[in-house]
Amino acid sequence: MTTRFARLPHYVMALCLALLACACATAQDAGTLRIGYQKYGTLTILKALGSLDKALGEQGIAIKWVEFPAGPQLLEGLNVGSIDFGTVGEAPPIFAQAAGAPLVYVGNEPPAPESEAILVPHDSPIRSVADLRGKKVALNKGSNVHYLLVKHLEKAGVAYRDVQVAYLTPADARAAFERGSVDAWVIWDPFQAAAEQQLGARVLADGRGLANNYQFFLASRDYFQRHPQVIETLLKEIRRGDLWARDNQQASVELLQPVLGLERPVVELAARRLAYGVEPVTREVLRHQQQIADAFHALKLIPRKLDVQQASPPGLR
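Just so it is clear, the structure is predicted and the values come from calculations on it, not from any experiment.

Asker: Outline the overall build of the protein, listing residues and values.
Answerer: The secondary structure content of the protein amounts to 13 helices and ten strands. Computed over its C-alpha atoms, the radius of gyration of the protein comes to 22 Å, within 12% of the 20 Å expected for a compact globule of 317 residues. Here the C-alpha coordinates of the protein stretch approximately 75 × 45 × 45 Å along the principal axes. Across the 317 residues that make up the protein, the buried fraction comes to 50%. Nonlocal contacts in the protein, meaning residues at least 24 apart in sequence, comprise 79% of its contacts between residues at least 6 apart. When the accessible surface of the protein is split by element, carbon and sulfur atoms take 53% of a total near 14,500 Å². Positive and negative side-chain charges in the protein, numbering 34 and 32 respectively, have mean positions lying 4 Å apart.

Dropping the structure here:
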């Protein structure tokens, strides 16, 4: 290097670079919110509408949207600091908290128990959950449907160890399901609706009566503590977008269809099973999360017993 900066003593150069990096980090921290989302649901609708970008833009904050294939991967992003905020189902926060992720529950949508299910091929001889004993079942490890399978097996009197669980991402699980290399697939919408409409998959059991299937909005604890006003704006705009989607389902389907790349009937079916109306998280909702954590710990799916309340926001109702 031939610049005057390059001729500085090494320790001075290192100090300058450190200060420059700190300044850049501070600028990014103050001006950019990194949101993790999956290609479905309220955040996808808000991204398409542009309403959240506009609301936060008025506060001088730009949004960086980061797409993830499923909840566990999204919360791993939050754990390593690549995102500040995101939305997932019930089980991912349990696994993430067990792994030490500094997360905070800030809101949730109402239960949507029909938006997740155990699927089997339309001509499968499997007629009950008890018939899954000895069979191969695909699911995304640590996702909301993980708990769904646990509860249905428990109800049917089938030990978790008596089922061959294949941990596959939704894309890989669908391919395995189509090939017939797995006997059942535990999955959520819109993948569930697509399998029903496109493959003729049959719902063996869904979440009704056993799993609420909450959708949660979470923030990193550091971001939550430093930017409470941004979190407040986020929840306000998410709720507004959620209620817009509820009252304008056909318009929301039109927004989602090109994003999802799915036929309209598939998106319509998934949209009908969504729950709408984001609220701040409550103690009652986190008690349900504690039940999931305890069930996973009993099965040794997580290494230690968790206190879910440690991930609650201040002033919890």
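Asker: Please provide a residue-by-residue account of the domain arrangement of the protein, values included.
Answerer: Taken domain by domain, the protein comprises domain 1 (32-111 + 213-311) and domain 2 (116-206). Look at where the C-alpha atoms of domain 1 and domain 2 centre, and you get two points 24 Å apart. Between domain 1 and domain 2, the residue contacts involve 27 residues of the former and 22 residues of the latter. For the domain 1 and domain 2 pair, buried surface summed over both sides reaches about 1,900 Å², with 67% attributable to carbon and sulfur atoms. Among the residues domain 1 hides against domain 2, the three largest losses belong to Asn213, Val266 and Arg273. Together they make up 22% of the total. Between domain 1 and domain 2 we count two salt bridges in total. Here Glu196 ties to Arg273 by a salt bridge, and the two come within 2.8 Å at their closest N and O atoms. Taken together, the links from domain 1 to domain 2 amount to four residue pairs in polar contact (both at pLDDT 80 or more).

Asker: Would you mind going over the packing of helix H11 (residues 249-260) against helix H12 (residues 264-273) in detail, with residue names and values included?
Answerer: At a minimum axis distance of 9 Å, the contact between H11 and H12 shows a crossing angle of 125°. For the element pair H11 / H12, the angle class is oblique. Note on packing geometry: the crossing formed by H11 with H12 is right-handed. For the pair H11 and H12, the contacting residues are Gln249, Gln250, Val253, Glu254, Leu256, Gln257 and Leu260 in the first and Arg264, Val267, Glu268, Ala271 and Arg272 in the second. Broken down by class, the residue content of the contact of H11 with H12 amounts to five nonpolar, three polar and four charged.

Asker: Could you give an account of the packing of helix H5 (residues 91-98) against helix H13 (residues 283-298), with specific residues and numbers?
Answerer: Two numbers describe how H5 lies on H13: the axes approach to 10 Å, and their chain directions differ by 60°. On the basis of the axis angle, H5 is oblique to H13. The way H5 lies across H13 gives a crossing that is right-handed. The segment H5 lies against H13, with Ala91, Pro93, Ile94 and Phe95 engaging Gln289, Ile292, Ala293 and Phe296. When its residues are assigned to classes, the contact of H5 with H13 shows seven nonpolar, one polar and no charged.

Asker: Go over the nonpolar core with me, naming the residues and quoting the values.
Answerer: Judged by nonpolar contacts, the single largest core of 64 residues is most densely connected at Ile94, Leu103, Tyr105, Ile118, Leu132, Leu149 and Phe296. There are two domains that each give this core at least three residues, and those are domain 1 (32-111 + 213-311) and domain 2 (116-206). Ignoring anything within four residues of it in the chain, the contact list for Leu103 reads Leu75, Leu78, Pro93, Ala96, Gln97, Leu218, Ala219, Arg221 and Ala311.

Basis of the calculations
Residues numbered from 1 in each chain as written. Predicted model: local features only at pLDDT ≥ 70, side-chain atom pairs only at ≥ 80, totals over all residues. Heavy atoms only, no water. Helix = DSSP H or I, 4+ residues; strand = E, 2+ residues; numbered from the N terminus. Rg over C-alpha atoms; globule rule 2.2 N^0.38 Å. Buried < 20%, exposed > 50% of the residue type's maximum accessible area, 1.4 Å probe, protein only. Contact = heavy atoms within 4.5 Å. Areas by Shrake-Rupley, 256 points an atom, 1.4 Å probe, with all protein chains shown as cover. Lys, Arg positive; Asp, Glu negative; His and termini not counted. Charge placed at Lys NZ, Arg CZ, Asp CG, Glu CD. Domains from an automatic or database assignment. Buried area = accessible area lost by both parts, 1.4 Å probe. Salt bridge = Lys/Arg side-chain N within 4 Å of Asp/Glu carboxyl O. Polar contact = N/O pair within 3.5 Å; in protein donor to acceptor, adjacent residues only side chain to side chain. Axes fitted to C-alpha atoms, helices over the stretch in contact; angles between N-to-C directions. Parallel < 35°, antiparallel > 145°, perpendicular 65-115°, else oblique. Left-handed = near helix turned anticlockwise from the far one by under 90°. Nonpolar A, V, L, I, M, F, W, Y, C, P; charged D, E, K, R; others polar. Core = buried A, V, L, I, M, F, W, Y, C linked by side-chain atoms within 4.5 Å.

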